[in-house]
Protein chains: 4
Amino acid sequence: MQIHQEEIVALNKDLLVEHKEKLTQLSRKHSNLEDIIDTISNYNIAIPSWALGAGGTRFGKFGFGGEPSTLEQKLEDISVINALTKSANAVSLHIPWDIPKNTNAIKEKATHLGLHFDAMNSNTFQDQDNQEYSYKFGSLCHTDKNVRDQAVAHNKAVIDYGIALGSKSLTVWLADGSNFPGQLNFRRAFENTLASLKEIYAHLPADWKLFIEYKPYEPNFYSMVIQDWGTSHMLAKDLGEQAYTLVDLGHHLPNTNIEHIVATLMTRGMLGGFHFNDSKYGDDDLSVGVMKPYQLFLIFNELVFGMENNPANNPIPAWMIDASHNLKDPLEDLIQSIEAIETAYAKALLIDQKALEEAQLKNDVVTAQRILQDAFNTDVKTILAEARLRNDGAIDPISAYRSLDVRNVLIKERGMNSKATGL
Amino acid sequence: MQIHQEEIVALNKDLLVEHKEKLTQLSRKHSNLEDIIDTISNYNIAIPSWALGAGGTRFGKFGFGGEPSTLEQKLEDISVINALTKSANAVSLHIPWDIPKNTNAIKEKATHLGLHFDAMNSNTFQDQDNQEYSYKFGSLCHTDKNVRDQAVAHNKAVIDYGIALGSKSLTVWLADGSNFPGQLNFRRAFENTLASLKEIYAHLPADWKLFIEYKPYEPNFYSMVIQDWGTSHMLAKDLGEQAYTLVDLGHHLPNTNIEHIVATLMTRGMLGGFHFNDSKYGDDDLSVGVMKPYQLFLIFNELVFGMENNPANNPIPAWMIDASHNLKDPLEDLIQSIEAIETAYAKALLIDQKALEEAQLKNDVVTAQRILQDAFNTDVKTILAEARLRNDGAIDPISAYRSLDVRNVLIKERGMNSKATGL
Amino acid sequence: MQIHQEEIVALNKDLLVEHKEKLTQLSRKHSNLEDIIDTISNYNIAIPSWALGAGGTRFGKFGFGGEPSTLEQKLEDISVINALTKSANAVSLHIPWDIPKNTNAIKEKATHLGLHFDAMNSNTFQDQDNQEYSYKFGSLCHTDKNVRDQAVAHNKAVIDYGIALGSKSLTVWLADGSNFPGQLNFRRAFENTLASLKEIYAHLPADWKLFIEYKPYEPNFYSMVIQDWGTSHMLAKDLGEQAYTLVDLGHHLPNTNIEHIVATLMTRGMLGGFHFNDSKYGDDDLSVGVMKPYQLFLIFNELVFGMENNPANNPIPAWMIDASHNLKDPLEDLIQSIEAIETAYAKALLIDQKALEEAQLKNDVVTAQRILQDAFNTDVKTILAEARLRNDGAIDPISAYRSLDVRNVLIKERGMNSKATGL
Amino acid sequence: MQIHQEEIVALNKDLLVEHKEKLTQLSRKHSNLEDIIDTISNYNIAIPSWALGAGGTRFGKFGFGGEPSTLEQKLEDISVINALTKSANAVSLHIPWDIPKNTNAIKEKATHLGLHFDAMNSNTFQDQDNQEYSYKFGSLCHTDKNVRDQAVAHNKAVIDYGIALGSKSLTVWLADGSNFPGQLNFRRAFENTLASLKEIYAHLPADWKLFIEYKPYEPNFYSMVIQDWGTSHMLAKDLGEQAYTLVDLGHHLPNTNIEHIVATLMTRGMLGGFHFNDSKYGDDDLSVGVMKPYQLFLIFNELVFGMENNPANNPIPAWMIDASHNLKDPLEDLIQSIEAIETAYAKALLIDQKALEEAQLKNDVVTAQRILQDAFNTDVKTILAEARLRNDGAIDPISAYRSLDVRNVLIKERGMNSKATGL
């Protein structure tokens, strides 16, 4: 399925007058409105190839109809999101869930749909059929060199797929760790992991980046080899200039000040990637912005500051949504996620950085708080709508999605029982 | 597979002299040693029928060989554990994972193996094939009466199975809740749940108990209808005298003082059941005692006090192990779990309650702490071994299990790829 | 110091035109705007008498100038806040920090300032000079009846002060608990507490309410006698119809779903009082709304629903700000707190309850989320300003406060080193 | 007050026979017992000069009699602990709470008492009388260079005191941070802190070490400049080879795997110091070992491994007890703390490292768990007693302390109302 430009134009028509009125009002208040609209309209977030199917928990999964069962269908789903939001022009591929049988054909298909390939993702946390060694007790950290070699080879293969597809980065997320005290020697696990990563790093083309994700727990419940940003940063520094830390919002202990971590990494030019989701308890992988929209705003405050004040040359982070769609139609959920991200981003752009700095230098805490809250409390729906509109997207993407009856069209195309690969 | 008495006797032989020597030493120090051995030797913990297969996380599962694929085989696995530990003479059945095709035959098989049926478990957190309505958005709390009726009927059917098997209680664990603010009306969900429970309660035979489990999150990540003991207690009080709260160690927010909850419930005679496991982060379902053995000891301190001082007539709680065996052979893990539970229990029995009360009344905190720590620091391996020995169990169950090469025997019997039902 | 009506009128003058324009725009969008303005303009939150001085941590306190050193001065400070916000017409008195020497005179002074006396607060968590027995090891739960009697007598005395001042409720917050396992017998502590509360309850006039606060930890770090809402609720039910649970936002374990607790209590008509503050880690007592404004909004969503749908006759809760002003001028901080509370309240009032119910009944999660987020993302500054304006308050209270140079006036009056009683 | 050798000998007399009997039994089981006793008998933990008085919380403090009111008396208190435990031969001084008026005299006094000076502690988290600039908004991170200069000068002065007293290290703990989003620019705060630390580092004698402590929150409740080990490690690497990270057990977010952090730091030779305490909720500063003795054991497992396998030349960490004595007599509490630390240490020394490594290499999780638990469940009281005995300490220090009626002697000497400096 593909959404045609005329359909969107038709749906926008009824909303246009009211939208333009609001925009006029807004532009009177905010002198930098054009810049903000511009920034938002140029912003894109990658969609992972595993996000288009039903997510689940260890207690089970509830399917829905019309899931994409091929990589081609997944690209089509992303193009639906992109057509409506104009902010999802990239896919982040997972190997082996989405091995392209014919890389050229897939690349062409993506290009045709206006999509490209963002960071590649490897998987050494599950055993695949016909795999020689098991990852039950780890992969890059494993005590058995055979297992480590197999995991390294897999990562190299993922890089190779990425090269063929035009990707420029590899994200390594390791489930490696232990469930029981004593199971693992922490030092040996760390050193094995570092040595394995060095081999992978050596395979990286010169214009690629390596992103090292961290996570304090799950699926291992006592220790994770890369438990925090400090460990990821240590590994990245050891590897070399192409290695960076990747922050996933759900991968933190309760109450962690994530925006502070973001600031520290950007101060050193070490923030490579960003995975969006939200959570109340653990790595809940809920749609970003549903639990802690103010925290998301504070994180974007740091991102905006870091990108605008960048002596350490931090690259623009690779943005990706990494949530699990257990109850909602994934396409609707992803559209809501994109809106939440851009809402936070636009609000952060509204912060009067000069006034903020002044208040900070005087330790005028009341004013500093007020500046942030005023920006946060501003309604930016119109800014987002305008940013989409200028790219021929939908003023109201969720309503458009429903008006176009996308899910039912997909069900008709693919049936009620199609299954996407993934968790 | 079944372990024969002679095999255990033979394995105990070499350990007997040293064991008896240690016992003599210990008996000199502790005047109430016989009572403690007696209590431990009479103690049994139910094994759930789903615990004999490989557990997993949402990121996957790593199988192992010889998993039981029928209920009969599961009973045999439990009898292996029981033969070695003499503390696992009951099974807690899960419906529909383990529906007995012929209840009489199963009951006979269990009796023959020296096992009986403890609390029954219903399941309304997953959809089964051919199920008319989906539990995707809840069961007893659902907005649609059809779904609630189906869930109520299922629970009644589980009671009926239990009656046929000689069980005397039903455990209701609800996954009902919501992932997103706004998804659920809390009040409606609570009232629907209460009304549904009342129907189930009405189906309960007069000599049965109903256990209401609580959990703050997972598989729902914003709200759970029965989020804490306060809610469970409220529901149980509304239902009537046969309803109780069930405590699962993993179902608490970070840092919860669980022993305090246990004490409060026992003060009111409302603690009906207990699920053992351990965790560091969330509902990790690790083997009990591997993370917080001191907490387990403190909980047993309250249980011992509550059972010995019982004006509110709290029943002896239904004990069950409820862990997930992701990395270890489940039988070995269950044996280690039983040892951990009995270790905590025996240490709690060593507490000098009179001296403790004296110290408490004087607010002599240093002494009170010391009394607890002295009991905790006592090595009770010999007590446990003697308790097993008196029941013809193994002095060292794990070593016996390995000496008898149980897993390989099971693999020979059942093959490498047999699969147990469950999560 | 007192702020005169003309001063506020003068300050509002410049803001009036723009304000009215925004109001007109808003009223076009929201048909129930008048109702919302009305509700907000009738809303008041009590200020505790200890909140006007510098707060601190165990690591110290940083003073500021012009602190009120008498109860009279504290009332004047509150009247300043009230003059600007028109939402702080009550004081919540703490005994013994603020014992009125002459109750009649104080009552008159308050009336003159347009203030009245909300819930009274007792203190059995500190020792006062010339106190016979120490609360080091607890008060209402103490093992020594002399201590319990002293604490009960203190609470009765607080009620008597309240009667004289026209208050209608007593808030009991207990620090009682233990720092070390073994220190306390949980059951004895619970029963002593219940017996003590019964004596206090018996002293309550017929038109009074008793609020029982709960807290999981601090100042005791192992157990607190009233650790959670379940315990508070149990005690309140035992006491009788005048007893209720009080929720303090900071008194919860990490990740607690507080709005769910609020809903449960209101379903049963048991929510008596509410203490506002915010926190990221523990009972941080930061200004409400600075960390989790969305959570505050979700709580108000439940409060609004509970007050509008009230078969169990839950009373209107007693509202109080209970924060610690470590870095900010307390008056500014309290003004910001009031704004944050009313922001959340106004946004919750904007929720389309009918549409929400419809979405919930259909399990249309996407729409339910959207309804809440749309309300939350609406800018309600103008609503709040209009609500103040109609009561002759300030359009922009913080700016007015600064324009009037209140703090410096107070410093001139009271000096740089005056000290308020309190923590 | 001082305890005389004869007094201890007399008290040991009655316990000697039973003790020697137990020792003989133990030596039969553990072939390396002599080595363990040796290690424990050579082990010492520094006592901070502020630990001898009553601790408290922000809700108040409950005093007790006989508190030391001078540095000399504090040294005497430590010598009492040391006489009984023979494991507390050093004091860790806090400036300005314990500025020695005459460094030579104090040094002599300490030497005479068998004590020396361990790590020095600076304080820039409180304002002292007559201090020019306030630390209300930070010290080394402050936006105002005058404040930073003052804080740097203070740290240099502390180093100078330390040089005079024979200390060899400085511990820097910073309360610097913020309570409100927006208050602080994270990057500026980090860079100011680094620049300030560089100045302090430059003042360090060549044979000194600098320990950088980290803490996620408190007394600031939004952000702390050095929030985690990753930040501390980053700063230490920037400073140079004399800078290290210091781990305080209470300074972690809920559920942190601290032993893993310890292992990582030792792998890189970066663990400089260690502060012992215990907690259930936050930085509760309870006596070490009262909440999570198994975690303490696991930490010591890493410490033992790290000290025995040390290619990165990690120095022996500076050990210090850093708890708050709110309810117990500090001397008794410190004695219990020392016992808890040495208990964990001795149990960790009992771990069969070779067997553990073997199990790890085979991923035999069951055996690895068992090896750790067997060591942990061994009763090591006798080992500790023997280690003390060989140094002429008390077999049972707490009982000895009470038999000697130390507290009452101190009260007689110093009165009921003496006050120690500190929090």
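Quick caveat: nothing in here was measured; it's all calculated off a predicted structure.

(A) A look at the overall build of chain A. Check the secondary structure of chain A and you find 16 helices and 13 strands. In terms of principal-axis extent, the alpha carbons of chain A reach across some 65 × 60 × 40 Å. Across chain A, the fraction of contacts at a sequence separation of at least 24, relative to all contacts at a separation of at least 6, is 81%. Distance from the positive charge centre (39 side chains) to the negative charge centre (55 side chains) of chain A: 1 Å.

(B) Here's a closer look at the relation of the copies chain D and chain C. When chain D is fitted to chain C, the residual RMSD is 0.0 Å, and the transformation amounts to a turn of 180° plus an axial shift of 0.0 Å. Such a combination of turn and shift is consistent with a two-fold rotation axis. Residues of chain D ranked by C-alpha distance from the rotation axis are headed by Arg 58 of chain D, positioned 2.2 Å from it. A shared binding surface is used by both copies, with 100% of the interface residues of chain D retained as interface residues in chain C.

(C) Spotlight on the relation of the copies chain A and chain D. By a simple turn and slide, chain A fits onto chain D: the slide is 0.0 Å along the axis, the RMSD is 0.0 Å, and the turn is 180°. A symmetric contact is evident, with 100% of the interface residues of chain A recurring at the interface of chain D.

(D) Just the packing of aromatic side chains, in detail. A complete count under the given rule lists 78 aromatic pairs over all chains for this structure. With centroids separated by 5.3 Å and ring planes inclined at 55°, the aromatic side chains of Phe 297 of chain A and Phe 376 of chain A adopt a geometry described as tilted. With Phe 297 of chain A in helix α10 (residues 293-308) and Phe 376 of chain A in helix α13 (residues 365-377), the pair connects residues that are 79 residues apart, well separated along the chain. With respect to burial, Phe 297 of chain A and Phe 376 of chain A carry one shared label: buried. Note on Phe 276 of chain D and Phe 300 of chain D: the rings are 5.8 Å apart at their centroids and 5° apart in plane angle, and the pair reads as stacked. Remark: Phe 300 of chain D occurs in helix α9 (residues 293-308) and Phe 276 of chain D occurs in strand β12 (residues 271-276); sequence separation between them is 24 residues. The exposure class of Phe 276 of chain D is buried, given its relative accessible area of 0%. Residue classification places Phe 300 of chain D among the buried positions, given a relative accessible area of 0%. An aromatic cluster of at least three residues, connected via ring pairs, comprises Tyr 43, Phe 274, Phe 276, Phe 300, Trp 319 and Tyr 345 of chain A.

(E) Spatial organisation of the packing of helix α9 (residues 293-308) of chain C against helix α10 (residues 330-350) of chain C. Residue and element names in this part refer to chain C. With their axes 8 Å apart at the nearest point, α9 and α10 run at an angle of 60° to one another. In terms of orientation, α9 and α10 fall into the oblique class. Handedness of the α9/α10 crossing: right-handed. For the pair α9 and α10, the contacting residues are Leu 296, Phe 297, Phe 300, Asn 301, Val 304, Met 307 and Glu 308 in the first and Ala 340, Ile 341, Ala 344, Tyr 345, Lys 347, Ala 348 and Leu 349 in the second. Split by residue class, the contact of α9 with α10 holds eleven nonpolar, one polar and two charged.

(F) Focus on the sheet that holds strand β1 (residues 47-48) of chain B. Residue and element names in this part refer to chain B. What the three strands build is an open sheet, ordered β1-β4-β5; its pairing is parallel. Here the strands that pair on one side only, and so sit at the sheet edges, are β1 and β5 (116-117). Where strand β4 (residues 90-92) lies against β5, two bridges are found, and the strand directions are parallel. Following the sheet pairing, Val 91 is matched in β5 by Phe 117.

(G) Main features of the interface of chain A and chain D. On the side of chain D, 57 residues touch chain A, which itself brings 57 residues to the contact. For the chain A and chain D pair, buried surface summed over both sides reaches about 4900 Å², with 56% attributable to carbon and sulfur atoms. On the chain A side of the contact with chain D, Phe 186, Arg 187 and His 260 of chain A bury the most area, a combined 15% of that side's loss. At the junction of chain A with chain D, the criterion picks out four salt bridges. Its salt-bridge partner being Arg 268 of chain D, residue Asp 238 of chain A comes within 2.6 Å of it at the nearest N-O pair. One can count 18 residue pairs in polar contact (both at pLDDT 80 or more) joining chain A with chain D.

(H) Quick look at helix α6 (residues 186-202) of chain D. Residues and elements named next belong to chain D. Across its 17 residues, α6 extends 24 Å between first and last C-alpha, which sits within 8% of the 24 Å expected from 1.5 Å per residue. Those residues of α6 not exposed but buried are Phe 186, Arg 187, Ala 189, Phe 190, Asn 192, Thr 193, Leu 194, Ser 196, Leu 197, Ile 200 and Tyr 201. Here α6 starts with a cap whose side-chain oxygen sits 3.0 Å from the backbone nitrogen of Arg 187, and that cap is Asn 185.

(I) View of the sheet that holds strand β9 (residues 209-213) of chain C. Residue and element names in this part refer to chain C. Taken in spatial order, the six strands make up an open sheet running β6-β7-β9-β11-β12-β13, and their pairing is parallel. The outermost strands of the open sheet, each flanked by one partner alone, are β6 (120-121) and β13 (318-321). Packing against the sheet, α9 makes contact with β12 (271-276) and β13, and its axis sits at approximately 155° to β12.

(J) Looking closely at the interface of chain D and chain C. Between chain D and chain C, the contact holds 44 residues from the first and 44 residues from the second. The three residues of chain D that bury the most area against chain C are Arg 58, Phe 59 and Leu 327 of chain D, which together make up 23% of that side's buried surface. Applying the counting criterion to the chain D and chain C interface returns six salt bridges. Across the pair Glu 218 of chain D and Arg 58 of chain C runs a salt bridge, and its minimum N-O distance is 3.0 Å. There are ten residue pairs in polar contact (both at pLDDT 80 or more) connecting chain D and chain C. Along the lines of polarity and charge, the residues of the side of chain D that touches chain C split into 22 nonpolar, eleven polar and eleven charged.

(K) Seen up close, the confidence of the model for chain A. Averaged over every residue, the pLDDT of chain A is 97; the share at 70 or more is 100%. Here the complex is predicted with pTM 0.98, and the ipTM for its interfaces comes to 0.97.

(L) View of the nonpolar core. The biggest cluster of nonpolar side chains holds 532 residues, and the ones touching the most others in it are Phe 276 of chain A, Phe 276 of chain B, Phe 276 of chain C together with Phe 276 of chain D. Setting aside anything within four residues of it in sequence, one finds Phe 276 of chain B in contact with Tyr 43, Ile 45, Leu 249, Val 288, Leu 296, Phe 300, Trp 319, Met 320, Ile 321, Asp 322, Ala 323 and Ile 341 of chain B.

(M) Fine view of the side chain of Arg 58 of chain A. Counting through the fold element by element, Arg 58 of chain A comes out in the loop between β2 (56-57) and β3 (60-61). Here the side chain of Arg 58 of chain A touches Asp 285 of chain B through a polar contact of 2.9 Å, side chain to side chain. In this structure Arg 58 of chain A touches Gly 56, Thr 57, Arg 58, Lys 215, Glu 218, Asp 283, Asp 285 and Leu 423 of chain B, once residues within four positions along its chain are discounted.

(N) Focus on the pairing of strand β12 (residues 271-276) of chain B. All names here are of chain B. Taking burial as the measure, the six residues of β12 include six buried ones, the bulk of the element. With four bridges joining them, strand β11 (residues 243-248) and β12 adopt parallel strand pairing. Counterpart to Thr 245 in the pairing with β12 is Leu 271. The parallel pair β11 and β12, bridged by helix α8 (residues 258-267), forms a crossover whose chirality is right-handed.

(O) Local environment of the environment of Pro 100 of chain B. Residues and elements named next belong to chain B. When you line up the elements, Pro 100 lands in the loop between β4 and α4 (103-112). In this structure Pro 100 comes out as buried when scored by relative accessible area, which is 4%. Linking Pro 100 and Tyr 161, residues 61 residues apart in sequence, is a C-alpha distance of 8.1 Å. With residues up to four places along the chain from it excluded, the contact list for Pro 100 reads Leu 71, Leu 93, Ile 95, Ile 106, Tyr 161 and Leu 165.

Conventions used here
- Residues numbered from 1 in each chain as written.
- Chains lettered and ligands numbered in written order.
- Predicted model: local features only at pLDDT ≥ 70, side-chain atom pairs only at ≥ 80, totals over all residues.
- Heavy atoms only, no water.
- Helix = DSSP H or I, 4+ residues; strand = E, 2+ residues; numbered from the N terminus.
- Contact = heavy atoms within 4.5 Å.
- Lys, Arg positive; Asp, Glu negative; His and termini not counted.
- Charge placed at Lys NZ, Arg CZ, Asp CG, Glu CD.
- Least-squares fit on C-alpha atoms with pLDDT ≥ 70 in both.
- Phe/Tyr/Trp six-rings, centres within 6.5 Å; stacked < 30°, edge-to-face > 60°.
- Buried < 20%, exposed > 50% of the residue type's maximum accessible area, 1.4 Å probe, protein only.
- Axes fitted to C-alpha atoms, helices over the stretch in contact; angles between N-to-C directions.
- Parallel < 35°, antiparallel > 145°, perpendicular 65-115°, else oblique.
- Left-handed = near helix turned anticlockwise from the far one by under 90°.
- Nonpolar A, V, L, I, M, F, W, Y, C, P; charged D, E, K, R; others polar.
- Pairing = 2+ DSSP bridges.
- Buried area = accessible area lost by both parts, 1.4 Å probe.
- Salt bridge = Lys/Arg side-chain N within 4 Å of Asp/Glu carboxyl O.
- Polar contact = N/O pair within 3.5 Å; in protein donor to acceptor, adjacent residues only side chain to side chain.
- Expected span 1.5 Å × (residues − 1).
- pLDDT = per-residue confidence, 0-100.
- Core = buried A, V, L, I, M, F, W, Y, C linked by side-chain atoms within 4.5 Å.
- Right-handed = clockwise from strand over helix to strand, strands pointing away.

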